[in-house]
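Fold and contact review
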Amino acid sequence: YKSIDALNKEWGTRFWGASYNSFDEIGWPPVHMMANPSFQLDLKRFQSNESIVYQQRQIDVLRKFAPNKFITHNMMGLYPDLNFYELGKPLDFASWDNYPLFLDGYARISDTAFAHLVMRSVKEDAFLVMEEQSGPGGWETYPRQARPGEMELWALQAVARGANGIMMFRWRTSVSGQEEYWHGILGHDNVPRRRYRETARLGAALKAISPKVLNTTPVADVGILYDYDQIWATSYQPQNGSDPLLFRTIACEMARALVMSGANFGAVGSHSKNFDRFRLIACPPLYLTDPDLVGRLEDYVRNGGNLLLTAGTGVKTLNNVCRMEPLPGMFRNLSGLKEIDEYDIVPRGKETDVLSDFGAMKATRIREALVPNDGTEVLARHAGGVFDGTPALVRSKFGKGSVWHLGTQFRPDDWKKLFERIMTELEIPFFPDLPNGIEVCRRADGTGRVLTFVLNHNDAETAVSGLPSGTDILSGKDVSGELALAPFAVAIIEETPQTPGNAVARAQAVLRN
């Protein structure tokens, strides 16, 4: 801030008479009560930056004495307290530690997929899984064993989502220290058993598919915007006590919906200069307003991109002070709105309806009464309560592209409805009737050669239809649109050239009917 007067102004310290006379007066924020939100956000930035500076000290030494060696760092996926975009800048490539058994239910599929994509977005390039789970991991306690086939499934999920390297953790289970029960490929007795045999089988599979996979990259038609300042600001002021408005949670629920739809999607950092590689960018609440980001999003849509904005956007400055202008603030030009007339929380268990021509959905966490501009199309309205009949979802044209503004937040099933409606309109391919527990995504090389990964996360055989025709490069068998996958099995279909994109046509037909 350069001067204490600038800090006082940016933090708004006059409230409660909390102005500072010098930087020496700034200690740790109070722990017995709420601190100034601007102070709290800068504290999170400071804590993250301390790790980044510490890493840089080590990098400087290594670059000097080992100039020909690559440098990476094992990051932690969706871990919220460290800005991996900043940590990753001086690294040669991103790496991370993947432990799916720490997650339960569908999150084991979708959160793991999204974590891979966030890690890929760090360098906008291929990444390494430095620690892939090979056995139950823990210190005092540990989770269940991986079921037969799950280790291979998790490794191939990483490849499907952009990993070009897999390292298993660990070779041998430690016999001493805090990680005695962080199990590896070999147990304490050093006897090769099931985990060893499965790792050997995985190694053979990766060797076989590498020539076809390594020159491809994940296909991403939809991008979920990701930002650590937004994570920290909404974590400190989640607004709704029973159903918090949390940026990271909403991003994960969007990702779950897209996995459920079999859509090709990725994560994109808010700092990125490469928005135009996505057909659609979906934004969890952009609570803090970054004028530079607003400008880049405007350019993206003006040039033909498509944008989904959501409730809780445009509320504050980058330093976590509320903006004195009608919501959604600097996003009004994009959103097709005159203003948001009023907003209110939606307590958990008291969700209200949002009605549209593509189904009924439930408003969660927050509702906004949208006031659209002339010419902005109303696609859904709130039903019930003081907002009854007011617009809940609008669409407007901006240059060559379109912007949707949703005046609430959804759960995954309703995000799926909305995404499928938008993707159908934009002719973005997806799978409208994908069986539960099946994950589908693609890698391609830009020449028309496409690999479709089909992963069965279920512990039972599962039939999948509507797939492209081609050859499964894992089994060598031909595929003609249908597969019966064994428990935890994976198929990688090298698509027959010019296979009709039947997923788009079927999706459009389903929604038309």
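Read on for an overview of the structure. (Residues numbered from 1 in each chain as written. Predicted model: local features only at pLDDT ≥ 70, side-chain atom pairs only at ≥ 80, totals over all residues. Heavy atoms only, no water.)

**So, the packing of aromatic side chains**
- Taken as a whole, this structure holds 20 aromatic pairs when the rule is applied.
- Taken together, a centroid distance of 5.5 Å and an interplanar angle of 25° make the contact between Y142 and Y181 stacked. Here Y142 is found in the loop between strand 3 (127–133) and helix 5 (150–160), whereas its partner Y181 is found in the loop between strand 4 (163–169) and helix 6 (194–213), with 39 residues between them in sequence.
- With relative accessibility at 44%, the residue Y142 sits in the partly exposed group.
- Taking relative accessible area as the criterion, Y181 reaches 37% and is therefore assigned partly exposed.
- Geometrically, the ring pair formed by Y226 and F247 is tilted, given 6.2 Å between the ring centres and 55° between the ring planes. Of the two residues, Y226 sits in strand 6 (residues 222–226) while F247 sits in helix 8 (residues 247–261), which places them 21 residues apart along the sequence. Across this residue pair, the class does not change: Y226 and F247 are buried.
- Put simply, the rings of Y79, F84, Y85, F114, Y226, Y228, W232 and F247 touch in pairs and so form one group of aromatic residues. (Phe/Tyr/Trp six-rings, centres within 6.5 Å; stacked < 30°, edge-to-face > 60°. Helix = DSSP H or I, 4+ residues; strand = E, 2+ residues; numbered from the N terminus. Buried < 20%, exposed > 50% of the residue type's maximum accessible area, 1.4 Å probe, protein only.)

**So, helix 9 (residues 291–302)**
- If you check helix 9, its first and last C-alpha atoms are 16 Å apart, about what twelve residues at 1.5 Å a residue would give, namely 16 Å.
- Where helix 9 is buried, its residues touch strand 6, strand 8 (280–282), strand 9 (306–310), helix 10 (332–335), strand 14 (391–398) and strand 15 (401–406).
- Of the residues flanking the start of helix 9, the one acting as N-cap is D290, its side-chain oxygen 3.0 Å from the backbone nitrogen of D292.
- Downstream of helix 9 by one or two residues, G304 has phi in the positive range, about 115°. (Expected span 1.5 Å × (residues − 1). Contact = heavy atoms within 4.5 Å. Polar contact = N/O pair within 3.5 Å; in protein donor to acceptor, adjacent residues only side chain to side chain.)

**Some points on the nonpolar core**
- Core analysis: the biggest nonpolar cluster contains 97 residues, and F114, Y226, W415 and F419 have the highest contact counts within it.
- Sorting elements by how many residues they give to this core places helix 8 first, with ten residues.
- Dropping the residues within four chain positions of it, Y226 is found in contact with L78, Y85, F114, V118, I231, F247, R248, A251, V268, G269 and S270.
- Core analysis: the next-biggest nonpolar cluster, separate from the first, contains 23 residues, A146, L153, A155 and L206 among them. (Core = buried A, V, L, I, M, F, W, Y, C linked by side-chain atoms within 4.5 Å.)

**Brief notes about unusual backbone geometry**
- A cis amide bond, omega 5°, links F169 with the succeeding residue R170.
- Along the chain, R170 falls in the loop between strand 4 and helix 6.
- Cis geometry marks the peptide bond from L327 to P328; its omega dihedral reads 0°.
- Tracing the sequence through the fold places P328 in the loop between strand 9 and helix 10.
- Of note in the backbone geometry, N190 takes a positive phi value of approximately 65° without being a glycine.
- Take N190: it is sitting in the loop between strand 4 and helix 6.

**Describing the sheet that holds strand 18 (residues 450–456)**
- On the basis of which strands lie adjacent, the open sheet formed by six strands has the order 5-17-18-23-20-21 and antiparallel pairing. Each edge of the open sheet carries a strand with a single partner, namely strand 5 (217–218) and strand 21 (478–480).
- On top of the sheet, helix 6 reaches strand 17 (438–444), strand 18 and strand 23 (490–495); it is set at about 140° to strand 18, its chief contact. (Pairing = 2+ DSSP bridges. Axes fitted to C-alpha atoms, helices over the stretch in contact; angles between N-to-C directions.)

**A few points about helix 8**
- The terminal C-alpha atoms of helix 8, which comprises 15 residues, lie 21 Å apart, in line with the 21 Å expected from a rise of 1.5 Å per residue.
- Where helix 8 is concerned, the buried positions are F247, I250, A251, C252, E253, M254, A255, A257, L258, V259, M260 and S261.
- Looking one or two residues beyond helix 8, the residue adopting positive phi is G262, at roughly 65°.

**A few points about the sheet that holds strand 2 (residues 95–98)**
- Spatial ordering of the open sheet is given by 1-2-3-4, a layout of four strands whose pairing is parallel. Single-partner strands in this sheet number two, and they are strand 1 (74–75) and strand 4.
- In this structure, strand 3 lies alongside strand 4, joined through five bridges in parallel fashion. Note on strand 4: the bridge partner recorded for V129 is I166.

**Observations regarding the environment of F278**
- As for its position among the elements, F278 is in the loop between strand 7 (265–269) and strand 8.
- On the basis of relative accessibility, which here comes to 4%, the residue F278 falls in the buried class.
- Residues F278 and V222 lie 56 residues apart in sequence; the distance between their C-alpha atoms is 5.5 Å.
- Residues within four places of F278 in sequence aside, it is in contact with A220, D221, V222, G223, G266, A267, V268 and Y300.

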